[in-house]
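# Fold and geometry: a report
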Amino acid sequence: MTLAAVATLGAGLLAGCADDGDDETGSSGGGKGGNKGGTTITVGTFGVFGYKQAGLYDEYMKLHPDINIEETSIERNENYYPQLLTHLGAGSGLADIQAIEIANITEITTTQADKFVDLSKAPGVKKDNWLSWKWAQATTKDGRTIGLGTDIGPMAICYRKDLFQQAGLPTDRDKVAKLWAGDWNKYIETGKQYMKKAPGDTAFVDSAGGVYNAVISSNAKRYYDESGKVIYKDSPAVKEAWNLATTASEDKLTAKLQQFQKSWDQAYSNGKFATVSCPPWMLGHIKEKAGDKAKDKWDVAAAPKPGNWGGSFIGVPKASKHQEEAMKLAAWLTAPEQQAKLFEKQASWPSAQAAYSLPTVADAKHPYFGNAPIGKIFAEAAKGIPTQVLGPKDQIIGSNIADIGLLQVDQQGKSPKDAWKAATKTIDNALDQ
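All values derive from a computational prediction rather than experimental measurement.

### Topic: the overall build of the protein
A count of helical and extended segments in the protein gives 18 helices and 10 strands. Scaling as 2.2 N^0.38, a compact globule of 433 residues should have a C-alpha radius of gyration of about 22 Å, and the protein matches this with 21 Å. Expressed along its principal axes, the backbone C-alpha trace of the protein runs to roughly 70 × 50 × 40 Å. Looking at the protein as a whole, 56% of its 433 residues qualify as buried. Considering only contacts in the protein between residues 6 or more positions apart, those separated by 24 or more positions represent 77%. Just so you have it, the protein exposes about 17,600 Å², and 47% of that area is on carbon and sulfur atoms. Once the 49 positive and 50 negative side-chain charges of the protein are each reduced to a mean point, those two points are 4 Å apart.

Written as structure tokens, this is what we have:
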């Protein structure tokens, strides 16, 4: 099945990816005013989860005439999450269903779990429907599951076929995947080979930060150990990702950009780099920024190792006045059939593995990317993602390594040693607060 809707998506549309625009709060009903009378279920989200846009609220209300659904969305998670914590602390001001971003799920399960309903017992919820690692992320040590997985971000490598051909590299997606199969070092070696015959002033990859994020996202243990101890300074995964990213920069494989900045978007339009790590939600961003002139020049190949970038959950606070109705809605919204519909309409990749066999997902191809079989590529990646050990400050650690440390190497020419010192100083100050 060809997904025309996927091809029109831009960045920031899906939960777990970078948000653009002003910070603002908006409320919207599921349909034209919802149903008069009955029970109103409120849903609190950040960004665009897609339930309203995909018509799922309307569908549920038709199936349940006694239910109204009202969604309130805050544009950016960095504004949404502090408010969620404040409302949880006060035990008031909460929606019946609240979204939780992957970067915050560990803090919620370890410090706020007693304020959420155990959804493992919700009607219609089947644990086996989800990828095991996704289910585990929202499950407490004593076995309570406080969030149901919505989307995930299995990673592939998007690459420019025309630039690969000019550089003397294969262009067939299966042959491209074999260049670096199983080893991120091979990806960097492919980059060195590309740069020997790089067309024009193009680079192999967009940024050192992009390389770091891709490598670190394919590891189970990164910034914390299983006991919750911060280990990022001694983490083998961090060391590997840092070394590969700085090597890419120092060997001039990168376009020295920063992801989700205007210059990065412009580089898509100008064809300045040949590869970028891409989860499903990135495809719409590339299509939007590269434009029609690059149609069929981009393609999608499997990444060296499966990794995850993005994803969220929805939970039901105990403060909800409509717990039973909210649990039923949460279970329905995250069921495989609805996750498949959300993928078709919004390109939100399902965390429910049971959706991968449904035709909407299994047969999905992307016309902009040479009809790449994205359903097959991303399903295989999703199944191979390791169960990651997450910590409450993962996002702070990772973003500072990329945006302070690696940016200094990539754009300012600082040594990896000095850049690492600058990043760790900022991180340690943030962790002490």
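### Examining the nonpolar core
Within the largest apolar cluster, 82 residues are counted, with the highest numbers of intra-cluster contacts made by Trp298 and Ile401. When residues in this core are grouped by element, the largest group, seven residues, is from helix 10 (residues 236-250). Ile102, Ile105, Trp130 and Trp332 belong to the second largest nonpolar core, which has 47 residues in total.

### Let's talk about the domain arrangement of the protein
Taken domain by domain, the protein consists of domain 1 (39-152 + 313-340) and domain 2 (154-309 + 373-432). Between domain 1 and domain 2, the C-alpha centre-to-centre distance is 30 Å. Facing the 11 residues of domain 1 at the interface are 13 residues of domain 2. At the boundary of domain 1 with domain 2, total buried surface from both sides reaches about 1,100 Å², with 58% on carbon and sulfur atoms. The interface formed by domain 1 and domain 2 contains zero salt bridges. Inspection of the domain 1/domain 2 interface yields two residue pairs in polar contact (both at pLDDT 80 or more). Among the elements of the structure, helix 4 (105-111) and helix 5 (132-137) are those that each provide at least two residues to the side of domain 1 that touches domain 2. Residue composition of the side of domain 1 that touches domain 2, by class: seven nonpolar, two polar and two charged.

### Quick notes on the sheet that holds strand 9 (residues 298-302)
Across the sheet, which stays open at both edges, the four strands sit in the order 7-8-6-9 with mixed pairing between neighbours. Of all the strands in the sheet, just strand 7 (203-205) and strand 9 have a single pairing partner and so form its edges. Averaged over all adjacent pairs, the angle separating strand axes in this sheet is 20 degrees, with direction ignored. Relative to strand 8 (residues 273-278), strand 7 runs parallel, the two sharing two bridges. Note on strand 8: the bridge partner recorded for alanine 203 is phenylalanine 273. The strands that helix 8 (residues 184-196) touches are strand 6 (156-160), strand 7 and strand 8; relative to strand 7, the one it contacts most, it runs at about 165 degrees.

### Side note on helix 2 (residues 56-63)
Buried within helix 2 are the following residues: Leu56, Tyr57, Tyr60 and Met61. Down the axis of helix 2, the buried side of the element spans an arc of 135 degrees, and every buried residue falls inside it. Facing away from the buried side of helix 2 by over 90 degrees, the exposed positions are Lys62 and Leu63. Of the surrounding elements, those touching the buried residues of helix 2 are strand 2 (39-46), strand 3 (67-74), helix 13 (323-333) and helix 14 (336-346).

### Thoughts on the packing of helix 9 (residues 208-216) against helix 17 (residues 394-412)
Contact geometry for helix 9 and helix 17: axes closest at 8 Å, N-to-C directions at 135 degrees. Here helix 17 runs oblique to helix 9, going by the angle between their axes. The element helix 9 and its partner helix 17 pack so that their crossing is right-handed. Along its contact with helix 9, which presents Ala208, Gly209 and Tyr212, the element helix 17 presents Ile401, Ala402, Leu406 and Asp410. Residues that form the contact of helix 9 with helix 17 fall into these classes: five nonpolar, one polar and one charged.

### Some details on the pairing of strand 2
With six of eight residues buried, strand 2 is to be regarded as a mostly interior element. Two elements, strand 2 and strand 3, share eight bridges in a ladder whose sense is parallel. Across the sheet, residue threonine 42 finds its bridge partner in strand 3, namely glutamate 70. Chirality of the crossover, the property in question, places the unit of strand 2, helix 2 and strand 3 among those that are right-handed. As defined by bridge partners, strand 2 adjoins strand 4 (residues 97-101) across two bridges and the pair is classed as parallel.

### Let's talk about the packing of helix 9 against helix 10
The interhelical angle for the contact between helix 9 and helix 10, taken along N-to-C directions, is 150 degrees, at an axis separation of 8 Å. Taken together, helix 9 and helix 10 sit at an angle that is classed as roughly antiparallel. Like other packed secondary-structure pairs, helix 9 and helix 10 cross with a definite hand, here right-handed. Residues Ala208, Val211, Tyr212, Val215 and Ile216 of helix 9 form the contact with helix 10, whose own contacting residues are Ala237, Val238, Glu240, Ala241, Trp242, Leu244, Ala245, Ala248 and Ser249. Classifying every residue of the contact of helix 9 with helix 10 by side-chain character gives 12 nonpolar, one polar and one charged.

### Here's the deal with the packing of aromatic side chains
A complete count under the given rule lists 27 aromatic pairs for this structure. Between phenylalanine 164 and tyrosine 194, the aromatic rings sit 6.1 Å apart at their centres with planes inclined by 45 degrees, giving tilted as the arrangement. A residue pair is termed long-range when its members are at least 10 positions apart, and phenylalanine 164 in helix 6 (residues 161-166) and tyrosine 194 in helix 8 qualify at 30 residues. Take phenylalanine 164: its relative accessible area is 0%, and that puts it in the buried class. We classify tyrosine 194 as buried; its relative accessible area is 0%. Relative to tyrosine 187, the ring of tryptophan 184 has its centre 5.5 Å away and its plane inclined at 90 degrees; by these criteria the two rings are edge-to-face. Taken together, the positions of tryptophan 184 and tyrosine 187, both in helix 8 and three residues apart, correspond to about one turn of that helix. Tyrosine 187 gets classed as buried once you look at its relative accessible area, which sits at 1%. Chaining the aromatic ring pairs together yields one cluster made of Tyr159, Phe164, Trp180, Trp184, Tyr187, Tyr194 and Phe204. A cation over an aromatic ring shows up here: lysine 134 above the ring of phenylalanine 313, its NZ or CZ 4.0 Å from the ring centre.

Definitions and limits used
- Residues numbered from 1 in each chain as written.
- Predicted model: local features only at pLDDT ≥ 70, side-chain atom pairs only at ≥ 80, totals over all residues.
- Heavy atoms only, no water.
- Helix = DSSP H or I, 4+ residues; strand = E, 2+ residues; numbered from the N terminus.
- Rg over C-alpha atoms; globule rule 2.2 N^0.38 Å.
- Buried < 20%, exposed > 50% of the residue type's maximum accessible area, 1.4 Å probe, protein only.
- Contact = heavy atoms within 4.5 Å.
- Areas by Shrake-Rupley, 256 points an atom, 1.4 Å probe, with all protein chains shown as cover.
- Lys, Arg positive; Asp, Glu negative; His and termini not counted.
- Charge placed at Lys NZ, Arg CZ, Asp CG, Glu CD.
- Core = buried A, V, L, I, M, F, W, Y, C linked by side-chain atoms within 4.5 Å.
- Domains from an automatic or database assignment.
- Buried area = accessible area lost by both parts, 1.4 Å probe.
- Salt bridge = Lys/Arg side-chain N within 4 Å of Asp/Glu carboxyl O.
- Polar contact = N/O pair within 3.5 Å; in protein donor to acceptor, adjacent residues only side chain to side chain.
- Nonpolar A, V, L, I, M, F, W, Y, C, P; charged D, E, K, R; others polar.
- Pairing = 2+ DSSP bridges.
- Axes fitted to C-alpha atoms, helices over the stretch in contact; angles between N-to-C directions.
- Arc of directions from axis to C-beta.
- Parallel < 35°, antiparallel > 145°, perpendicular 65-115°, else oblique.
- Left-handed = near helix turned anticlockwise from the far one by under 90°.
- Right-handed = clockwise from strand over helix to strand, strands pointing away.
- Phe/Tyr/Trp six-rings, centres within 6.5 Å; stacked < 30°, edge-to-face > 60°.
- Lys NZ or Arg CZ within 6 Å of the ring centre and 35° of its normal.

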